[in-house]
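Inside the fold
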Amino acid sequence: MARRIDVTGADGVRLAAWEFGDPPKDGSETAAPGVLLLHGLMGRASHWAPTARRLSARYRAIALDQRGHGRSDKPPQAAFTRDAYVNDAEAALEQLDLGPTVLIGHAMGALTAWQLAAKRPDLVRGLIICDMRASALGAASQRVWAEWFKAWPVPFATLADVRKWFGEDDPWVERPNPARGAFYAEVMAESPDGWRPVFDPDQMLRSRETWVYDAHWEELAQVRCPALVVRGLDGELGRAEAQEMVRVLPHGQYAEVADAGHLVHYDQPEKWLSVIEPFLDTLTTD
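About the criteria used
- Residues numbered from 1 in each chain as written.
- Predicted model: local features only at pLDDT ≥ 70, side-chain atom pairs only at ≥ 80, totals over all residues.
- Heavy atoms only, no water.
- Helix = DSSP H or I, 4+ residues; strand = E, 2+ residues; numbered from the N terminus.
- Contact = heavy atoms within 4.5 Å.
- Buried < 20%, exposed > 50% of the residue type's maximum accessible area, 1.4 Å probe, protein only.
- Pairing = 2+ DSSP bridges.
- 1 Å grid on protein atoms, 1.4 Å probe; cavity = no way out; pocket = protein on both sides within 12 Å on 5 of 7 lines; lining within 4 Å.
- Points joined across faces, edges and corners; volume = space filled by probe spheres on them.
- Nonpolar A, V, L, I, M, F, W, Y, C, P; charged D, E, K, R; others polar.

Turning to the side chain of Arg208, a few remarks are in order. When you line up the elements, Arg208 lands in helix H7 (residues 201-209). For Arg208, the contacting residues outside a window of four places in its chain are Leu41, Leu137, Ser141, Gln142 and Trp145.

Moving on, we get to the pairing of strand E2 (residues 14-20). The element E2 is extensively covered by neighbouring structure, given that six of its seven residues are classed as buried. Of the strand pairs in this sheet, strand E1 (residues 2-8) and E2 are connected by seven bridges, and their pairing is antiparallel. Residue pairing for E2: Val7 is matched across the bridge by Leu15. From the end of E1 to the start of E2, which pair antiparallel, there are five residues, and Asp11 there has a positive phi angle of about 60 degrees. In the sheet, E2 pairs with strand E4 (residues 60-65) via five bridges, with the strands oriented antiparallel. When the sheet's bridge partners are listed, Phe20 is paired in E4 with Ala61.

Our next topic: the layout of surface pockets. Reported here for the largest pocket is a volume of approximately 1100 Å³. In terms of lining residues, the largest pocket is bounded by 37 residues, among which Trp172, Arg180, Asp234, Glu236 and His262 are the most central. For the lining of the largest pocket, the secondary structure elements donating two or more residues are helix H4 (138-151) and helix H6 (178-185). The element contributing the most residues to the lining of the largest pocket is H4, with four residues. Among the residues forming the lining of the largest pocket, the class breakdown is 17 nonpolar, nine polar and eleven charged. Here the second largest pocket defines a volume of roughly 230 Å³. In terms of lining, the second largest pocket is formed by Met1, Ala2, Trp18, Phe20, Arg44, Ala45, Ser46, Ala49, Arg53, Asp65 and Arg71. At the level of elements, E2 and helix H1 (49-55) are the ones that each hand at least two residues to the lining of the second largest pocket. Residue composition of the lining of the second largest pocket, by class: six nonpolar, one polar and four charged.

Next up on the list: the pairing of strand E5 (residues 101-106). By the criterion of burial, E5 is predominantly enclosed, with six of the six residues buried. Neither face of E5 is open: one carries Thr101, Leu103 and Gly105, the other Val102, Ile104 and His106, and all of them are buried. Both strand E3 (residues 34-38) and E5 contribute to a ladder of four bridges, which runs parallel. For Leu36, the partnering residue across the bridge sits in E5 and is Leu103. Here E5 runs beside strand E6 (residues 124-130); their pairing, made up of six bridges, is parallel.

Here's what the structure looks like:
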């Protein structure tokens, strides 16, 4: 089970945080070291459930629905900037009394994690970056995403149709991937005319355009805590760039997960855990 804790992000946006595992038996919210998990663009906290449940045996594991995602607020006129996402995560750490914490981020959530680690080293004692590039992706990438959203055959009649389209029929899928279908089924909600995403695609594009045109190496170099860069062998982060990220990080380490694409923790949850748990162990013994 996961219990919901509401926190207030930047500009008063209400954010839903989800704590996995039982609260500490002594009643203290800070008895165990903290881990904050940040999903990627279009994701939600529940995507971290297998990871968070596993870690909850030793950590206070909390996953955050970021603004515009999951059960968090989606104000039409809210800021969907880098600063807003980073400030939200910072506010969550402070309100949950979770720092100094380990930040675990996937894709856009990983960028938020390393930017926060650079900004507030006092709040972050370790960092795990999952399949996120530090280089600029450019205008062509943003155009592709806009066209991809237009290609979605919404509303979907059933969740089975969601799983099939994203796992098999999506033109952007190179080969069938049931895990991808399941991933997107989790971000759909039933409406009167069928199943639609819980997020606003325009807000997702607004979020993305605030980071795709820029490189983010400078912030990486400012991260002072131990950091692990994890890539799926078939993911979006190439080996050469991942290894350069490790070189730029003052205390960087590298790991890769076989038979995994961009959704590393969703494609291969056990293999993913097998590479992050040894890293986490080094943090507890320091």
